[in-house]
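Coordinate inspection notes
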Amino acid sequence: MNPLKANQMPHQAPLVRNKNFLEVATGYMPDIAIDEAKRCLNCKTKPCISGCPVGINIPGFIGKIAAGEFEEAYQIISDESSLPAVCGRVCPQERQCEKKCVRGIKGDSVSIGRLERFAADWHNKNCKIWPDVPKQNGHKAAVVGSGPSGLTCAGDLARMGYAVTVFEALHTAGGVLVYGIPEFRLPKKIVELEIKGLQSLGVDIQTNVVIGRSLTIDDLFESGYEAVYIASGAGLPRFMNIKGENLKGVYSANEYLTRINLMKAYRSDSATPIYHSKRVAVVGGGNVAMDAARSAIRLGAEKVYIIYRRSFEEIPARKEEVVHAKEEQIEFLALSNPIEILGDGDNFVRAIRCIKMDLGEPDQTGRRSPYAVEGSEFDVAVESVIMAIGTSPNPLITRTTKGLSVNNRGGIIADENGMTSHKGVFAGGDTVTGAATVIKAMGAGKIAAKSIDEYIQKVKKE
Amino acid sequence: MYKIIKKEKLNSTVSKMVIEAPFVAKKAQAGQFIILRVDSNGERVPFTIANYDREKGLVTIIYQIVGATTHLLDQKCAGDYIEDFVGPLGNPTHTGGYKKVAVIGGGVGCAIAYPVAKEFHEQGAEVHSIVGFRTKDLLILENEFRGVSDKYLIMSDDGSVGEKGLVTNALEKLIESGEKYDLVITIGPLIMMKFVCLLTKKYDIKTVVSMNPIMIDGTGMCGCCRLTVGGEVRFACVDGPEFDGHQIDFDEAMERSMVYKDFEREAKCNLLQMEVAE
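These notes cover the structure that comes with them. Just so it is clear, the structure is predicted and the values come from calculations on it, not from any experiment.

**What about the overall build of chain A?**
Each helix and strand in chain A was counted, giving 19 helices and 15 strands. For 462 residues, the compact-globule estimate of 2.2 N^0.38 gives 23 Å, and chain A sits close to it at 23 Å. By its C-alpha atoms, chain A is 70 × 60 × 50 Å across when sized along the principal axes. Residue burial in chain A is summarised as follows: out of 462 residues, 57% are buried. The contacts of chain A with a sequence gap of at least 6 include a subset with a gap of at least 24, amounting to 70%. In the structure as shown, chain A presents an accessible area of about 19200 Å², 53% of it carried by carbon and sulfur atoms. Between the mean site of the 57 positive side-chain charges and the mean site of the 53 negative ones, chain A shows a separation of 2 Å.

**Some remarks on the side chain of A:Thr398**
All names here are of chain A. With respect to the secondary-structure elements, threonine 398 resides in helix α17 (residues 396-400). On the basis of relative accessibility, which here comes to 18%, the residue threonine 398 falls in the buried class. Here the side chain of threonine 398 touches proline 395 through a polar contact of 3.1 Å, landing on its backbone oxygen. Residues within four places of threonine 398 in sequence aside, it is in contact with Leu404, Val406 and Ile412.

**A short note on the packing of helix α15 (residues 287-298) of chain A against helix α16 (residues 319-327) of chain A**
Residues and elements named next belong to chain A. Between α15 and α16, whose axes approach to 10 Å, the crossing angle comes to 25 degrees. Considering the angle they form, α15 stands roughly parallel to α16. Crossing of α15 over α16 shows left-handed handedness. Between α15, through Asn287, Met290 and Arg294, and α16, the contact on the second element is made entirely by Glu321, Val322, His324 and Ala325. Tallied by class, residues from the contact of α15 with α16 come to 3 nonpolar, 2 polar and 2 charged.

**A short note on the pairing of strand β10 (residues 151-156) of chain B**
Residues and elements named next belong to chain B. For strand β9 (residues 126-133) and β10, the ladder comprises 6 bridges, and the chain directions are parallel. Across the sheet, the residue bridging to isoleucine 130 is leucine 153, located in β10. Remark: the β9/helix α4 (residues 142-148)/β10 crossover connection has right-handed handedness. The sheet contact formed by β10 and strand β11 (residues 163-164) spans 2 bridges and is parallel. Residue pairing across strands places methionine 155 opposite glutamate 163, the latter belonging to β11.

**What to know about the nonpolar core**
Residue and element names in this part refer to chain A. Residues Ile58, Phe61, Ile65 and Leu115 are the most contacted members of the largest nonpolar core, which totals 68 residues. Element by element, the count of residues in this core is highest for helix α19 (residues 438-461), at 8 residues. Residues in contact with phenylalanine 61, not counting those within four places in the same chain, are Ile56, Ala73, Ile76, Ile77, Ile112, Leu115 and Glu116.

**Observations concerning the pattern of salt bridges**
All told, the structure shown has 41 salt bridges over all chains when counted by the stated rule. Among the salt bridges present, the one from A:Arg185 reaches A:Asp291, with a minimum N-O distance of 2.8 Å. You can see A:Arg185 sitting in the loop between α11 (176-179) and α12 (188-200) and its partner A:Asp291 sitting in helix α15, a full 106 residues away along the chain. Under the relative-accessibility criterion, A:Arg185 is labelled buried at 10%. Here B:Lys56 and B:Asp53 are joined by a salt bridge, their closest N and O atoms 3.8 Å apart. Residue classification places B:Asp53 among the partly exposed positions, given a relative accessible area of 25%.

**Some remarks on the sheet that holds strand β10 (residues 336-343) of chain A**
Hydrogen bonds between backbone atoms are what pair the strands of a sheet, whose relative direction is either parallel or antiparallel. Residue and element names in this part refer to chain A. Strands sit in the order β10-β11-β12 across an open sheet of 3 strands; the sheet is antiparallel. Strands with a single pairing partner mark the edges of an open sheet, and in this sheet they are β10 and β12 (368-381). Strand-to-strand twist in this sheet, taken as the mean axis angle between neighbours without regard to direction, amounts to 20 degrees. Two strands pair when backbone bridges link them, and strand β11 (residues 349-362) and β12 are joined in this way by 9 bridges, in the antiparallel orientation. Within β12, the residue paired with isoleucine 352 across the bridge is valine 380.

**Structural notes on empty space enclosed by the protein**
Take a probe with the size of a water molecule and roll it over the atoms, and the empty space left behind shows itself. Residues and elements named next belong to chain A. A full pass over the atoms with the stated rule returns 2 cavities of 30 Å³ or more. Computed from the structure, the largest cavity encloses a volume of approximately 130 Å³. Forming the walls of the largest cavity are 15 residues, and the residues nearest its centre are Cys40, Cys43, Cys48, Cys101 and Val102. Elements represented by at least two residues in the lining of the largest cavity include exactly α3 (47-50) and α4 (58-66).

**Examining a positive patch on the surface**
A cluster of basic residues, A:Arg95, A:Lys99, A:Lys100 and A:Lys440, forms a positive patch on the protein surface. Taking relative accessible area as the criterion, A:Lys440 reaches 52% and is therefore assigned exposed.

**Quick notes on helix α9 (residues 112-126) of chain A**
Along its 15 residues, α9(A) runs 21 Å from first to last C-alpha, staying within 8% of the 21 Å computed at 1.5 Å per residue. Every buried residue of α9(A) is accounted for by A:Ile112, A:Gly113, A:Leu115, A:Glu116, A:Arg117, A:Phe118, A:Ala119, A:Ala120, A:His123 and A:Asn124.

Conventions we followed
Along each chain, residue indices are assigned from 1 in the same order as the chain's sequence is written. All chains are assigned letters beginning with A, and all ligands numbers beginning with 1, in the order in which they are written. In view of the model being predicted, local features appear only for residues whose pLDDT reaches at least 70, and side-chain atom pairs are presented and counted only at 80 or more, with totals across whole chains, interfaces and linings using the full set of residues. Excluded from the side-chain calculation are hydrogens and water; included are all heavy atoms of the structure. Under the DSSP-based scheme used, a helix requires at least four consecutive residues in state H or I and a strand at least two consecutive residues in state E, with every element numbered from the N terminus. Computation of the radius of gyration draws on C-alpha atoms, with the globule rule given as 2.2 Å multiplied by the number of residues to the power 0.38. Per-residue accessibility, obtained with a 1.4 Å probe over protein chains only, is compared with the maximum for each type, and a residue is labelled buried under 20%, exposed over 50%, and partly exposed between these values. A contact between two residues is defined here by any heavy atoms of the two lying within 4.5 Å. Note on areas: these come from Shrake-Rupley sampling with a 1.4 Å probe, and a residue is covered only by the protein chains present in the view. Charged residues are defined here as Lys and Arg on the positive side and Asp and Glu on the negative side; His and the ends of the chain fall outside this count. Charge placement uses NZ in Lys and CZ in Arg. For Asp and Glu, CG and CD serve respectively. Polar contacts, as used here, are pairs of N or O atoms within 3.5 Å; protein pairs need one atom able to donate a hydrogen and one able to accept it. Residues neighboring in sequence count only if both atoms are side-chain atoms. In this analysis an axis means a line fitted to C-alpha atoms, helices contributing only their contacting stretch, and an angle means the value between N-to-C directions, from 0 to 180 degrees. Note on angle classes: values under 35 degrees are labelled roughly parallel, values over 145 roughly antiparallel, values of 65 to 115 roughly perpendicular, and the remainder oblique. Handedness of a crossing is defined here by the sense of rotation of the near helix relative to the far one, left-handed for an anticlockwise turn of less than a right angle and right-handed for a clockwise turn. Classification convention: Asp, Glu, Lys, Arg as charged; Ala, Val, Leu, Ile, Met, Phe, Trp, Tyr, Cys, Pro as nonpolar; all other residues, Gly among them, as polar. One bridge is not enough; two strands pair if DSSP finds at least two bridges between them. Crossover handedness is defined here as right-handed if the route from the first strand over the helix to the second strand goes clockwise, with the strands pointing away from the viewer. Residues belong to a common nonpolar core when they are buried Ala, Val, Leu, Ile, Met, Phe, Trp, Tyr or Cys residues joined through side-chain atoms within 4.5 Å. In the sections that follow, a salt bridge refers to a side-chain nitrogen of Lys or Arg positioned within 4 Å of a carboxyl oxygen of Asp or Glu. Each cavity reported here is a set of points on a 1 Å grid over the protein atoms alone in which a 1.4 Å probe fits but cannot get out, each pocket an open set with protein on both sides within 12 Å along at least five of seven lines, and each lining residue one with an atom within 4 Å of a point. Grid points are joined across faces, edges and corners, and a volume is the space filled by probe spheres set on the points. Patches here: salt-bridge-free residues with over 30% relative accessible area, like charges joined within 9 Å, nonpolar side chains (Val, Leu, Ile, Met, Phe, Trp, Tyr) joined within 5 Å. Given a helix with a known number of residues, its expected span is that number minus one, times 1.5 Å.

Listed below in structure tokens is the structure:
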């Protein structure tokens, strides 16, 4: 046990894994997990817990791993998290729990994320017991959206004895966990297992129902649901509105990833097409941009570029994703911004025209503003362009529901308890904040479940 | 899984299917569409709702057999199941306040034009319907259209039924003869809608088209169905499917609709186990 150095996570070799969709990080072996867990000092202040958006008892579960009690470790995690195998894989731990870890002051933090994943995977592999449906309290609640926020809220409410129905617009549950995050970061089998766990608690998931079209929020109340949690996410893609953006071969990252992840277009037996372009440009610097770029190279691209308008150091994606992307031979063109997409004689993309950027004076947030350097235009020859510049809340529900206040970015306005301007309607996750993270959405789901419980119990008394 | 209650061939390439989908049937309105997957490996494809029965929870779609997915769909019969079926999607047609409308349908687009014509008729408007088909065998919904139209004209490319010529010829003739329409609704192949709009723009007649770009989710999350309308980007699935025809960049829409032509040809060849021309 090395107090200063964390145990490394085994990975598929970069030039092997950039040609397949299998999981990149293969997980700790039990002896390594125990060794890493022993690095935890079990310090008095436990700052890691405050860094976790769902408040997992981190020293608690790590202590169990150190003692070789893996199933017990899983139970502690699942007291607070409905999706432990998911969080261990996709949370930006370096900005949350691990950032606060005391070990991290002098050396490497304890690898909290890797240990969480280990415990969850152990449970999924070895424990065949599904939880029972808790004693019902006679009340019903509806959840809109089966992404991380909706599933978490549904799970917590189900555990309190509520009959919960989750309505999902797509044909598979999971939201961004199935359409957005690729197979090589989050295997869909894992998401399926997590969802099965929730269903065994009695959560009823109905797919192919679009709230706002197939059913309205008012319909839900009329059917006897006493409260509704809106967790419909931020699925509206943003485009740059530059010339050539509608050429054949330009995708929003949502479209590109949905074809690949949800519709499995990377497989030859899928009926959904996708171009396996030799050269691809991805515009943007977030996790979604990394996912799109790493998917493109797995589809056989020889050159994949990330085009980001600020400096490389400012790239907002999770550090691990950027490192993995670079290892997989993705090229980063930082301080570059697209100005036009050029087409060939058949209206397919042939190149993206960019301009070099430089950093100027800091703006109100303190970040130096990028500005275009005159005369520095350059063309990059590509056959596909993927716009991964952000998404905003999907407006379908807000457009079709009266009495739901919305801010100027299209997000539903909700207070710190998730309550909206509409009686009995709560909201949380990306649909309120705009695109953020899985774990923050889960945190909002937990808060909403508590608020819905208080609300329904209060109404019952009146 | 969604049960097919009835299946009927309308002609050699067009079939009608009635599916049990209570959520969709309860809320469906003219102009809206559904998205379905034939099986668990299937792609998501949109079809306009041709009819619905709220009491029985049934939805009717009319589709043309074009490629692999519609071929697979057509192999299913009453009693079989469709994997996924979701809707109603898109905005319903606005039918209020028009006294005299011309409904121009082309090919299988007539299946979409019919519920709209019916809606206008039921609201008391005078409805002139002009339908165009390549040849007599492809004619569909003749009796249905006659039942809701004050004037009903059939045009065919080869003259085998009705008059030989294009729907635009017939429309121009009516306009030139003094017919004053409050609204023209046109639904059919993109090229047909483009030329109807060019014609009506000359006479400054308000024209609504129903666009059918490639779609995946149908709820506004991917932008695959994007069109340029009045110089701005609009998503057909949530801003449409109906738009002011004079504002649409049809050439761009036609280009974008062909983006997977090679994939479609290959899929069809694989399915039919033979070479297919297109």
